[in-house]
Structures are given as C-alpha cells and as structure tokens.
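What follows is each chain in one-letter form.
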Amino acid sequence: MSWVQTVLGEARRQGLSEHALLTAAGIRPAELTQDRWPIDHITRLWRAAARLSHDPAFGLKAGTLVGPASFNVVSFILQSAANLRQAFNIIQKYQTLISDGGRFQMLSGPEASWLVYHPRQGDLAFSPHQIEAVLAAVVSATQWITHHPIRPHLVRFSHEQVGPLQGYRQVFSCPIEFNQAYSGLLIANEVLDHALPQANTQLAQLHEQYATAQLHALAQSQTFDEALFTWIRTRMGPPPPTRAEAAQAFDLSERTLARRLHALHTSYVALLDHARRDLALQLLSDTTRSLHDIAHSLGFAELSPFYRAFQRWTGHTPGQWRCQAHIEKLPEG
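Being a predicted model, the structure only gives us computed values, none of them experimental. By convention here, each chain's residues receive numbers from 1 onward along its written sequence. Local features are withheld for residues below a pLDDT of 70 in this predicted model, meaning they are given only at 70 or higher, and side-chain atom pairs are given and counted only at 80 or more; totals for whole chains, interfaces and linings count all residues. Excluding hydrogens and water, the side-chain figures rest on all heavy atoms present in the structure.

The next subject is the overall build of the chain. Helix and strand assignments follow DSSP, with helices taken as H or I runs no shorter than four residues and strands as E runs no shorter than two, numbered in order from the N terminus. A count of helices and strands for the chain gives 18 helices and five strands. Two things to know: the radius of gyration comes from C-alpha atoms, and the globule rule equals 2.2 Å times the number of residues to the power 0.38. Computed over its C-alpha atoms, the radius of gyration of the chain comes to 20 Å, within 12% of the 20 Å expected for a compact globule of 333 residues. When its C-alpha atoms are laid out on the principal axes, the chain stretches across 50 × 50 × 45 Å. Contacts in the chain between residues at least 24 apart in sequence constitute 66% of all its contacts with a sequence separation of at least 6. Here the accessible surface of atoms and residues is derived via Shrake-Rupley with a 1.4 Å probe, and residues count as covered only by protein chains that are part of the display. Only carbon and sulfur atoms are counted for the fraction: they give 53% of the accessible area of the chain, which is about 16000 Å². The sign given to each residue is positive for Lys and Arg and negative for Asp and Glu; His and the chain ends receive no count. Every charge is mapped to an atom, namely NZ of Lys, CZ of Arg, CG of Asp or CD of Glu. Both charge centroids of the chain, one from 28 positive and one from 27 negative side chains, sit 3 Å from each other. In this analysis, two residues are considered to be in contact whenever any of their non-hydrogen atoms come within 4.5 Å of each other.

Throughout this description, the term salt bridge denotes a Lys or Arg side-chain nitrogen within 4 Å of a carboxyl oxygen of Asp or Glu. Per the stated rule, a full pass over the model turns up twelve salt bridges. When the shortest N-O distance is used, the salt bridge between Asp 293 and Arg 289 registers 2.8 Å. Its relative accessible area of 31% is what places Asp 293 among the partly exposed residues. Bridged by salt links that share partners, the residues Arg 103, Arg 233 and Asp 278 form one connected network. With a 1.4 Å probe rolled over the protein chains alone, any residue whose accessible area is under 20% of its type maximum counts as buried; one over 50% counts as exposed, and the rest are partly exposed.

Okay, the packing of helix H6 (residues 84-93) against helix H8 (residues 128-146) next. Helix axes use the C-alpha atoms of the stretch in contact, all axes being lines fitted to C-alpha atoms, and the angles between their N-to-C directions lie in the range 0 to 180 degrees. Contact geometry for H6 and H8: axes closest at 11 Å, N-to-C directions at 125°. When the axis of H6 is compared with that of H8, the two are oblique. The handedness of the crossing between H6 and H8 comes out as right-handed. Between H6 and H8, the residues in contact are Leu 84, Ala 87 and Phe 88 and Val 138, Thr 142, Ile 145 and Thr 146, respectively. Throughout this entry, Asp, Glu, Lys and Arg are counted as charged residues, while Ala, Val, Leu, Ile, Met, Phe, Trp, Tyr, Cys and Pro are counted as nonpolar. The remaining residues, Gly among them, count as polar. Of the residues in the contact of H6 with H8, the class split is five nonpolar, two polar and no charged. Roughly parallel means an angle under 35 degrees; roughly antiparallel means over 145; roughly perpendicular covers 65 to 115; every other angle is labelled oblique. Here a crossing is taken to be left-handed if its near helix is turned anticlockwise relative to the far helix by less than a right angle, and right-handed if that turn runs clockwise.

To characterise two packed helices, one gives the angle between the axes of the helices and the distance between these axes. Packing of helix H2 (residues 18-25) against helix H3 (residues 39-53) brings their axes to within 8 Å, and their N-to-C directions diverge by 120°. In terms of orientation, H2 and H3 fall into the oblique class. Helix-helix and strand crossings are classified by hand; for H2 and H3 the assignment is right-handed. Residues Ala 20, Leu 21, Leu 22, Ala 24 and Ala 25 of H2 form the contact with H3, whose participating residues are Arg 44, Leu 45, Ala 48, Ala 49, Arg 51 and Leu 52.

Moving on, we get to the pairing of strand S2 (residues 112-119). Of all the eight residues making up S2, seven are buried; the element is thus mostly covered by neighbouring parts of the structure. Linking strand S1 (residues 102-108) back to S2 in an antiparallel pair, the connection comprises three residues. One bridge is not enough; two strands pair if DSSP finds at least two bridges between them. As paired strands, S2 and strand S5 (residues 183-188) are joined by six bridges and run antiparallel to one another. Across the sheet, residue Ser 113 finds its bridge partner in S5, namely Ile 187.

Pasting the structure below:
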C-alpha cells in the first residue's frame, strides 16, 4: 500500500481528490485499509490518475516523490548497505515486500551495469506511467541512500515516449531511448561499488532478520498460481515440468489443478511460458553460455522454437537481446 500512497500523493499534489481518483479507478475507499492490492487494482489506479491529471509526466513525477517510507522495512536495510550494488541486490531479494508488480535484474558489464525492470502485470496491461515511476523511484531512492543524486549513463524504456523529452531529462539527466527490448538504467560500476559512509553490517543484519520473517509470512499467503509459478521455475529443465507432475506435487488431480487456475484467469501453459521467459532473460546475461545450451536448459528440444518464443516475448531474437544487454563499453556523450 506504500506504493499506492505514492500514486495518491502525486494526485493530491496535482489537485485531484482521493475520492474522485478511486471512483474513476472503480476502487472502493474502504479498500485503502487493506495491506496489499491486486496488481490490476494498482494498474487501474495509475490509468485513472494519468487520465484525470492530463499530465503525460505523471509517472515520472510520482516516482520522484519516493522516500524511505515507500519501501517499508526494506528502506532500513538499504540505508545500511555497503554500496549501491548491494542495495540493489537487497531490493531484488525483498522486492515482493515492496510490490508484486515486477522484479529487478542486474546485468553486469566491465565498466557499467544495467539495472533492468521486468514488469509482472495481471490481466490488464501496465500503464507506461507505472514503468516510468519505477525507474524514477530508483533514482530518487539513491539520493537518500547515498545522500547525493546519481546520474545514469543511459535509460531505456520498452514503451514509446509518453511526454516531452525534457521531462525525462530533468529526472534522469542522461540520454533516453524508447521502444527498447527492456526498461532499465545503465549505471557506472564505480558508482555502484563506491563505499557508503553509513554502512552498518550489524544493523543491516538485524533489519534483514525482520524482513526475512515478513517474506516468509507473505509466502505462506501466496495465491495458488503464485505458488505454482515458483514451483515451475525451480524445476525448469530438460524436459520442462509437466502439468501431471505439478498436480502430483500439489496433491491434486490434473482436472482440479486446471479448474483452480482457470478461476484465477490463467493456465498451466501460461505459467510455464512466463517461467521460461523469466529464466531466459536471466540466463542470457551470462555470455559464456551458448544459445543452444540455454534453449536446452529451458526444455526446448531445438533452437528454432526457442527463437520463436523469445521473439514473441520481447520482439527481438535472443542474440539481439544479448547484444543490447551486454555492455562492451560505456556510451559516448
């Protein structure tokens, strides 16, 4: 709900009433008392905020409002981190305590590294304002972690430009690229690995114990499709796990498993496809692994079906995506 409050905070700053925004999004005010919202609820809120504000930079502005309160207990760990790279690793580990809407991935290069954001949308397609708010929030968060703003070398968005280019440059202070294979920030390794003066290992460990307990409690309340997705992902390989194996693992008949997934507006095939995409993007960051080996590890018998699936997922071939993700040198300028 702290992420929901980020949206509501920017809406209030722009003169929009909370009641009008919730009504436009089809969300009851009483739902603000809940601990978490479904992903589609938050997407509807973003869409309504962008529509009512008439502001093409709404997402960017909302992201810049992010402070320690937006990250709950995770913010305390971040402020005790040894460096920014460790801070981003912490965000990856405890991402679900902040939001269910996506995950971060670090793609390391010799001089700079990409922090890539992978959205995890529900039935509704994400608003581009959601993606822009996340990347703007990363830049904003680094200011209260390091006590000075960082300047990425490059920012990429998977969607097309929404507002004036000047608005993006004000937030990121670097070149911006749109309609790319992924959304993320390219940050110099020397910035990521620079020691932070407030680093406190003992304090970080104390906060991590509490965050781990929260993560465990959250895992116990996972929906069936989330639990099944985790099961599929951990058992991916040649061959991929079958629906019959999944049903047996959850002590269900295949028909009951299919019925429960249908009630959640998904299917075993969709979850398997999602898990393969998630793992493919992760494995491609390791340039020492061949495409044939990656395809095989994801349960594809040949390269051609892997290529077709990857182009469906990203609009690019695996080779094209790897070339964009792997940084040989920093961009000039």
